[in-house]
Structure formats: structure tokens, C-alpha cells
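Each chain is listed here by its residues.
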Amino acid sequence: NSDKAQLYYEKYAGTRNSISSRLIFAESLVDHFTSFVIYSHGWGGGNGVSQEQMEKAEEVLRLNLGENPSKSELKDYVSSYRMLMDMAIAEGSSNKLKELIGWGEKSNNAEVKEISSIYTAFLHTINRDFSKAERIIEGMENTGSSDPRLQIIRGEMALFKGDIEEATRIYDELGKRNWKELDSSYFGSRAYLDRKFWLEQASEHIGEDGFIEGRILFEGKPMAFVEIYLQYADGGFRAGGDGYIAITDENGYFKSIGLKKGLYDIGVGTLESILVDKVFSRIEPGYVEVGEGITTVDFKFRNTIKVLSPQPGTYLDSDELVVRWEEVPGAAYYTVEPVVFRDPINKSGGYFRRAIESVEGEIRFTSDTAKFKVSEFLYASGGLTREGNDRILGPGAILGMFLPGVEYPITVNAYTKDNGLITSSLPMRTYYDSLPSVIMPGELSEGQRLVAGMKYPEAIQHYEDILL
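Structure report, in brief. Here, residues in each chain are numbered from 1, in the same order as that chain's written sequence. Since the coordinates come from a predicted model, pLDDT governs what is reported: local features require at least 70, and pairs of side-chain atoms require 80 or more to be given and counted, while whole-chain, interface and lining totals use all residues. The side-chain values count all of the structure's non-hydrogen atoms but skip hydrogen atoms and water molecules.

Turning next to the overall build of the protein chain. Numbering of helices and strands runs from the N terminus; a helix is a DSSP stretch of H or I covering at least four residues, while a strand is a stretch of E covering at least two. Across its full length, the protein chain carries 14 helices and 23 strands. Counting only C-alpha atoms and orienting by the principal axes, one finds that the protein chain spans roughly 85 × 60 × 45 Å. Taken across its 468 residues, the protein chain has 49% of its residues classed as buried. What makes two residues a contact is simply this: any of their non-hydrogen atoms within 4.5 Å. A separation threshold of at least 6 residues defines the contact pool for the protein chain, and within that pool the share at least 24 residues apart is 70%. Using a 1.4 Å probe, accessible areas were evaluated by the Shrake-Rupley method; residue-level cover was limited to the displayed protein chains. Of the roughly 22800 Å² of accessible surface on the protein chain, 47% is carried by carbon and sulfur atoms. By the counting rule applied here, Lys and Arg register as positive and Asp and Glu as negative, while His and the ends of each chain are not counted. Note on charges: their place is set at NZ of Lys, CZ of Arg, CG of Asp or CD of Glu. Considering the protein chain, the positive charge centre built from 51 side chains and the negative charge centre built from 71 side chains are found 3 Å apart. Partly exposed residues are those whose accessible area sits between 20% and 50% of the maximum for their type, while under 20% is buried and over 50% is exposed, using a 1.4 Å probe and protein chains only.

Below is the structure:
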């Protein structure tokens with residue numbers, strides 16, 4: 001699970017040029033499906049799979065589908081097909097999933113046809129066409145199929161029909177299967193393997209009082225297979241570990257399982273790689289009150305704002321910084337926020353953003369341009385940082401928020417008149433090297449470098465030597 005390991009797997013796949021070697025390479029690229037969880041009051045995820053990794057894995061797996069497998073490679077051939085469909089679900093592409101299902105239906109291979117049928121049943125389940133899914137599953141079980149995916153689909157149908165007892169029983173049976181015959185994820189998600197445990201933990205808010213329904217859109221287009229999460233409003237933010245209470249269908253619509261009355265924070269979960277060009281528009285109310293009947297909650301994602309200047313890696317050779325961006329329809333005002341890292345030299349260790357004042361003393365801008373005086377915020381206070389449960393002095397508190405010779409990404413946000421975020425130039429997941437950025441004038445001294453690296457004993461000695 002490293003760049004170096006993937007390079008060796010790629011060389012191996014190129015040397016062997018076989019179905020098995022390509023599958024091994026694809027699995028090294030996409031070794032898990034971790035959802036990036038977004039709540040109204042916080043978000044986060046683990047080490048996600050990048051867009052480039054997903055594209056490269058799809059490329060080599062589709063090469064496998066074009067092969068005529070030998071008997072020894074038939075298992076890996078089928079696994080390649082199944083992995084492609086899991087990836088399509090994880091990245092929210094219903095069109096790609098249906099195209100793969102159609103390819104499998106035309107195959108002469110019995111195992112491929114069976115997998116195609118299973119994913120057809122899954123798609124029917126997501127679209128809440130339970131009768132069609134039921135017929136497919138019954139037909140396969142009557143012919144002796146024991147694929148664990150059939151149990152998962154039955155469990156999901158029971159769950160969303162409101163039969164929690166039956167769903168619990170099915171997932172309890174799934175948990176008793178030999179772990180060697182189970183995969184690390186199913187249908188592009190890890191949620192199903194923890195369903196039994198989640199059902200036990202979620203009993204405090206599963207009920208029959210009300211439901212949450214809505215739609216998830218990206219620039220007006222539906223987002224399929226997005227997971228919907230829930231936690232109590234006073235529970236604090238938790239990234240991961242929750243089973244979803246709903247999942248969007250092909251048209252982006254969702255309806256939750258039955259919930260007890262209460263105040264909740266509602267979140268969404270999707271693969272990190274599809275968030276590289278998306279901003280979560282936090283315009284809806286932060287918390288949701290669930291009562292009797294239906295509560296509607298919609299989620300919207302928007303394209304990022306394009307920042308016209310500065311360009312990535314712009315060196316500031318004067319005291320003026322000019323930031324320009326494309327206007328966003330409906331925006332009442334904009335803010336400009338540099339990204340400040342805890343370890344600014346290596347761009348690591350967490351970060352925060354702070355709106356900066358223009359030469360006119362404004363932090364809200366109604367036009368598409370803002371001018372700033374670099375000398376006024378070069379050594380602005382950076383404040384404290386968190387170390388475990390303690391708050392300690394970080395490098396920014398000692399040296400200032402912006403340091404000479406250090407690069408800082410620049411972001412622009414667009415808001416409604418009610419202060420709701422419409423969109424930003426900073427997507428939910430990003431590569432900072434590609435963002436507009438400025439390099440502050442000047443250079444760090446030796447002592448400043450020691451402080452910036454949190455080498456405090458060495459920094460103290462350095463400055464004591466100077467004083468002596």
C-alpha cells in the first residue's frame with residue numbers, strides 16, 4: 001500500500017502480461033473502498049484511493065475482460081469483472097454499472113452470468129424495486145448459489161422494508177460464515193460487513209416515528225450510490241464506522257429506514273476520488289428535526305471556483321498580492337483564505353484557513369478581485385495547535401501565520417447573503433500542488449527553520465548562543 005509497492009506491481013503486470021498479474025496490480029491500486037464522510041458539522045476520511053489509481057485500475061481490468069481466460073485464470077477473470085462493478089458502484093456511476101451488467105449477460109461464461117445477475121438484483125434493490133430483486137435471488141438460490149452477496153441483498157431489502165428483526169437475523173447468519181470465504185468489501189462498500197454490529201448500536205435511533213428522504217445532486221445531476229449517515233446532534237463528529245441509513249438510487253433519491261423522533265446530524269459518504277472537483281454546499285440547516293412522517297433533506301455539490309490569479313507557485317516580489325476569480329451566479333460575497341499548515345515547510349500535520357483583509361480593510365468582497373498588502377499579514381499570529389488532548393504553542397504562534405520563503409495555497413469561497421457556502425476553489429479532496437499559491441518574500445533564518453520543524457530544544461540553544 002505505497003507508491004513504491006504499486007510501481008513493482010505495475011512492472012510485474014507488464015512483464016507477465018497475464019490476467020492474474022493485472023488483477024494483482026489493480027488490487028494494489030484499489031485495495032479498499034473507504035467512504036469520505038461529510039456531515040454538516042464536520043467531515044473526514046482515511047487514506048482514500050485517488051482518481052488516478054481508479055482510472056489505472058479500470059484500464060488494466062478492462063484489458064482482462066478482453067482476454068480469453070485459460071482454466072487456471074478463470075477465477076481471476078471473474079474477479080476482474082466483479083471488481084470493475086464494485087468500482088463503478090463506489091464511484092457512483094450507474095451508467096457504467098449497467099454497461100458492465102449488460103456485458104456479463106452476453107457472456108458465454110456461467111460464472112460471469114451469475115455475477116451479472118447478482119449485481120442486477122443489487123441495482124433493483126437500490127432502486128427499491130424489491131419484487132424484481134426477489135425473483136432474481138430466488139432463482140439463483142434454487143439453482144444452488146450460495147454467494148454471500150445474495151444474503152447481503154436480502155438483508156438490505158429487509159432493512160429498508162422496516163423488518164429490522166429479519167435484517168438482524170440475516171446479517172447474523174452472514175457473520176457465521178467462514179471468514180476465508182468472505183471479501184473485505186461488497187458492492188463497493190465496507191458497510192455490509194459491519195451491519196450486524198451497527199444494527200445493535202443503532203437500535204437507540206431506529207424506530208417507526210419518521211423517515212428522512214431527499215435527493216443528492218452535483219450541478220443539477222443526480223449522484224447515485226451515495227450513502228446517507230446519521231448521528232445525534234449532541235454526539236460530536238465521527239468519521240467512519242457507521243452503517244448507512246439510506247443510499248441514493250440511480251436518480252439521486254433516497255429514503256431512510258424508520259427513525260425515532262429526535263434532532264440529528266445527517267451526513268453523506270462517497271468515494272474520495274470523485275470529490276476532487278466537488279464542493280459541498282452547506283446551505284441547508286445544520287441539524288435535522290425528525291418527527292412523525294417525512295422530513296426532506298437535500299444535499300447539493302457544486303463545481304469548484306476557478307481562481308485566475310495567482311498561479312500555483314507564484315513568488316511575491318512586491319508588497320502587493322492580487323487575487324482574481326471567476327464569478328459565481330447567486331453569490332452575495334466572497335472571501336479569500338490562505339491554507340496554513342501546522343508544518344508549513346512540508347505542507348503537512350493538518351491545516352486551517354483564515355479570511356484575510358484587503359488593503360481597504362474588508363474581508364467580504366462583492367466583485368471578482370481583491371488586493372492585499374503582504375507586509376500586513378506576513379507575521380500575523382498563528383495561535384495554538386493541538387497535541388493529543390493538550391493545546392500547545394505551535395510554530396505559527398511563535399513565528400507568525402505566514403513565513404518568508406514558504407508557499408501557501410490560496411482559496412476563494414462564495415457565500416449566499418445568509419452566509420451559506422455555495423462553493424469554493426478548494427474541493428472536498430485536493431492535491432495542494434495544483435492549487436493557486438504564493439511564496440512569501442524572504443527566507444527563513446536557521447532559528448526559524450528549527451522552530452518551524454518543532455525542534456524547540458535546538459531552537460532554544462540556537463538563540464541562547466546568539467544572545468551569549
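Let us look at the pattern of salt bridges. Any carboxyl oxygen of Asp or Glu within 4 Å of a side-chain nitrogen of Lys or Arg constitutes a salt bridge here. What the rule picks out here adds up to 24 salt bridges. Two residues, R177 and E181, come together in a salt bridge whose shortest N-O distance is 2.7 Å. Sharing partners across several salt bridges, the network here consists of E58, R62, E91, K96 and E99.

With that settled, the discussion passes to unusual backbone geometry. Residue S309 is joined to P310 through a cis peptide bond whose omega torsion reads 5°. With respect to the helices and strands, P310 occurs in the loop between β13 (307-309) and β14 (314-315). For F225, which is not glycine, the phi dihedral falls at a positive 60°. Looking at the element boundaries, F225 is found in the loop between β4 (221-222) and β5 (227-232). What makes F225 buried here is its relative accessible area of 5%.

We now examine the environment of S28. With respect to the secondary-structure elements, S28 resides in helix α2 (residues 19-29). Look at S28 and you get buried, because its relative accessible area is 10%. Once the C-alpha coordinates of S28 and A5 are considered, the two residues, 23 residues apart in sequence, prove to be 7.9 Å apart. Excluding its chain neighbours within four sequence positions, the residues that come into contact with S28 are Q6 and Y9.

Moving on, we come to the packing of aromatic side chains. Working definition: rings of Phe, Tyr and Trp (its six-membered ring) pair if their centres are within 6.5 Å, and the pair is stacked with planes under 30 degrees apart, edge-to-face with planes over 60 apart, and tilted otherwise. Under the definition given, this model contains 16 aromatic pairs. With centroids separated by 6.1 Å and ring planes inclined at 90°, the aromatic side chains of F187 and Y192 adopt a geometry described as edge-to-face. Both residues of the pair, F187 and Y192, belong to the buried class. Here the aromatic rings of F280 and F299 are separated by 6.0 Å at their centres, their planes lie at 25°, and the arrangement is stacked. A residue pair is termed long-range when its members are at least 10 positions apart, and F280 in strand β9 (residues 278-281) and F299 in strand β12 (residues 299-303) qualify at 19 residues. Overall, F280 belongs to the buried group, its relative accessible area being 3%.

As a further point, take the environment of G286. Position of G286 relative to the elements: it lies in the loop between β9 and β10 (288-290). For the pair G286 and N17, spaced 269 residues apart in the sequence, the C-alpha separation amounts to 52 Å.

Before going further, it helps to spend a moment on the pairing of strand β8 (residues 262-271). Counting buried residues along β8, 9 of its 10 residues qualify, which places the element largely inside the surrounding structure. Pairing between strand β1 (residues 35-39) and β8: 5 bridges, direction antiparallel. Paired with S35 across the strands is L271, a residue of β8. Paired strands, as defined in this entry, are two strands with at least two bridges between them according to DSSP. Across 6 bridges, the pairing between β5 and β8 is antiparallel. Across the sheet, residue E227 finds its bridge partner in β8, namely G269. Pairing geometry for β8 and β10, over 3 bridges, is antiparallel. Directly across from G262, in β10, lies its bridge partner V290.

Attention now goes to the side chain of S20. For S20, the location among the structural elements is in helix α2. A relative accessible area of 17% places S20 in the buried class. In this structure, S20 is in contact with E73 and D76, ignoring residues within four places of it in sequence.

Take the sheet that holds β13 next. On the basis of which strands lie adjacent, the open sheet formed by 3 strands has the order β13-β15-β18 and antiparallel pairing. This sheet does not close on itself; its edge strands, each paired only once, are β13 and β18 (369-373). Taken over all neighbouring pairs, the strand axes of this sheet differ in orientation by 25° on average, direction set aside. Between N-to-C directions, angles span 0 to 180 degrees; the directions come from axes that are lines fitted to C-alpha atoms, helices contributing only their stretch in contact.

Take α2 next. Along α2, 9 of the 11 residues are buried, which leaves the element largely enclosed by surrounding structure. Burial in α2 covers these residues: I19, S20, S21, R22, L23, F25, A26, S28 and L29. Those residues of α2 hidden inside the fold are in contact with α1 (3-16), α3 (51-65) and α4 (74-90).

Next up on the list: the nonpolar core. The tendency in soluble globular proteins is for nonpolar side chains to be buried side by side. Grouped together as the largest cluster of nonpolar side chains are 91 residues, with contacts concentrated most on V30, L97, Y119, F187, I216, F225 and F301. For this core, the leading source of residues is α4, giving 10 residues. If we ignore the near neighbours within four places in the chain, the residues touching I216 are K221, P222, M223, V226, I228, T248, G252, F254, V268, F299 and F301. Residues grouped as a nonpolar core are buried Ala, Val, Leu, Ile, Met, Phe, Trp, Tyr and Cys residues, joined through side-chain atoms within 4.5 Å. Judged by nonpolar contacts, the second largest core, of 34 residues, contains L321, L378, F402 and A414.

Right, let's get into helix α5 (residues 94-105). Each residue after the first adds 1.5 Å to the expected span of a helix. Between its first and last C-alpha, α5 extends 16 Å over 12 residues, near the 16 Å set by a 1.5 Å rise per residue. Every buried residue of α5 is accounted for by S94, L97, L100, I101 and G104. In an axial view of α5, the angular spread of the buried residues amounts to 125°, which keeps them on one side of the axis. On its buried face, α5 sits against α3, α4 and α6 (110-126). The arc in question is formed by the directions pointing from the helix axis toward the C-beta atoms.

As far as function goes, none of this settles anything; it's purely spatial.
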